[in-house]
Amino acid sequence: MANDNKRFQAIISHCKEYGFIFPSSEIYDGLSAVYDYGQWGSELKKNIKDYWWKSMTQLHENIVGIDAAIFMHPTTWKASGHVDGFSDPMIDNKDSKKRYRVDHLIEARIAELENANNMGEAAELQEKMDALLAADDLVGLKQLIEDEDITCGVSGTSNWTDVRQFNLMFSTQLGSVTGEANEIYLRPETAQGIFVNFLNVQKTGRMKIPFGIAQIGKAFRNEIVARQFIFRMREFEQMEMQFFVRPGTEDQWYEQWKNERMQWHLSLGIPGSKYRFHDHVKLAFYAKAACDIEYDFPFGFKEVEGIHSRTNHDLSRHQEYSKKKMQYFDPEINQNYIPYVIETSIGLDRTFLMVMSEAYWEEDLSTADKQDSRVVLKLPPKLAPIKLAVLPLTKKDGLPEIARQIMDANKPHFRCFYEEKDAIGKRYRRMDALGTPFCVTVDHQTKEDNTVTIRYRDSMQQERVPIHSLKGIVDKQIS
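Our subject in this report is the structure included herewith. (Residues numbered from 1 in each chain as written. Predicted model: local features only at pLDDT ≥ 70, side-chain atom pairs only at ≥ 80, totals over all residues. Heavy atoms only, no water.)

## Here's the deal with the nonpolar core
Counting 63 residues, the largest nonpolar core has F20, W52 and F352 as its most contacted members. It is helix α12 (residues 348-359) that contributes the most residues to this core, seven residues altogether. (Core = buried A, V, L, I, M, F, W, Y, C linked by side-chain atoms within 4.5 Å. Buried < 20%, exposed > 50% of the residue type's maximum accessible area, 1.4 Å probe, protein only. Helix = DSSP H or I, 4+ residues; strand = E, 2+ residues; numbered from the N terminus.)

As structure tokens, this is what we get:
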């Protein structure tokens, strides 16, 4: 599926046409790299969040969740290293004045080589870029761009500035009077809200090592080059879990969480061939190990989730800057220590795009007698925005009243949708495009025997079932 731009553009169009994602502030010509989730997108997004939250907290007795504030004391970001080191290498084209992330420029060239089936050259260029990024060799990165004769997409020239680092944090003022305000930052990640609350959660929850703290929340990064729809945005949402372990056990837990997180991804019904692990070449100086779970998007394999072995760096830094002890007394070994941390961090918006990319299909249903096709979202039923559509065959003869009774009986248990406009075939197609796994048609036979026709989205097969069995059929698929 790599670099299937036609498919990617079709997914983007589908998201807008069917109420999943809209450009933000569109009536004012929008805001670059900012998007709004529509009525069905917000439902799908919530279902993904709920599924992750349940898998992390409800199904793990030693993991709890918090919801930390977006605004944090500015020293938090000094301690975490973001003030001094949260930056990306950028380069400007002198003719177009357009700014690019260096790795994106080189990755575009790598994609060109792969599309031309020059896999050896692509791998060699990837290796060179990774090595230069790992060494923070800004001069070498510019030289590589020049050696590859990479040009600006706007000006068509290779008249480049030197490569420079740009900090990605948004800053704002805290206080009612600007002159007296203190500069604070919109958080660029959600992890620090977990670290600064480590002692609060451990003590109030009487948590024993090993234990984890999970959080879902907004983060903000001033991406100079935001692209690929919702894959890279300036306002995005993360689902993170920090797992605190005894020093010396971190390698075992790192491998365990790699396996657990991959199993979660596979539970979405996405085949293993669409995923791969990518070990980091460039490790943070404090990290023992780091890898990404990558998915094969229409634009190639890209990171969806990161798993990191962070040692005790984060808690140690907050202990240093706050002068508060961030230690845990372990009664099993009768010792105080600063726990080591295994982090799992998954992008909610990227997961949304992954689920949509996997679910979107255009199917040709033509036969010898009839030309037909449909667009269908083969979403996992547990994630689908609408679980059951209730469709009276006509607007008369008491059928809408029966359909409403079915709605009333089932909507307390899962999201239902009622529609009586248009021919039944058009309504089926509309529900296919929204990813609704089950459609129920109420017809005249329903009045005689209390049965309805249930239609299955993926197979389009239909069968008669008793009205009272509907809840059980849907529950079985979404549980």
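## Overview of unusual backbone geometry
Residue P210 is bonded to the preceding I209 through a cis peptide linkage, with omega at 0 degrees. Position of P210 among the secondary structure elements: in the loop between α9 (198-204) and β9 (211-220). The phi torsion at M460 lies on the positive side, around 60 degrees, for a residue other than glycine. Counting through the fold element by element, M460 comes out in the loop between β22 (451-456) and β23 (462-466). For M460, a relative accessible area of 26% gives the class partly exposed.

## Quick look at the side chain of E240
Along the chain, E240 turns up in strand β10 (residues 235-245). Lacking a salt bridge, the buried E240 has R221 as its closest oppositely charged neighbour, with an N-O distance of 6.3 Å. One polar contact links the side chain of E240 to the main-chain amide nitrogen of A191, over a distance of 2.9 Å. In terms of polar contacts, E240 uses its side chain to reach the side chain of Q238, at 3.4 Å. Ignoring sequence-local partners within four residues, the contact set of E240 consists of W52, T190, A191, I194, I213, A214, Q215, E343, T344 and S345. (Lys, Arg positive; Asp, Glu negative; His and termini not counted. Salt bridge = Lys/Arg side-chain N within 4 Å of Asp/Glu carboxyl O. Polar contact = N/O pair within 3.5 Å; in protein donor to acceptor, adjacent residues only side chain to side chain. Contact = heavy atoms within 4.5 Å.)

## Let's talk about the side chain of S345
Along the chain, S345 turns up in strand β16 (residues 340-347). Within the structure, S345 has its side chain in polar contact with the side chain of E240 (distance 2.7 Å).

## Some remarks on the environment of A191
The residue A191 is located in helix α8 (residues 191-195) in this model. A sequence separation of 30 residues divides A191 from T161, and the C-alpha atoms of the two residues are 34 Å apart. For A191, the residues in contact, after removing those within four places along its chain, are E240, Q242 and E343.

## Thoughts on the packing of aromatic side chains
Summed over the entire model, instances satisfying the criterion amount to 21 aromatic pairs. Measuring from ring centre to ring centre gives 5.4 Å for F243 and W257, while their planes differ by 65 degrees; the resulting arrangement is edge-to-face. You can see F243 sitting in strand β10 and its partner W257 sitting in helix α10 (residues 250-266), a full 14 residues away along the chain. What makes W257 buried here is its relative accessible area of 2%. Aromatic side chains F285 and Y286 sit 5.3 Å apart centroid to centroid with 85 degrees between the ring planes, which places their arrangement in the edge-to-face category. The exposure class of F285 is exposed, given its relative accessible area of 76%. Ring pairs connect the aromatic residues F8, F231, Y275, Y295, F297 and F299, which therefore count as one cluster. (Phe/Tyr/Trp six-rings, centres within 6.5 Å; stacked < 30°, edge-to-face > 60°.)

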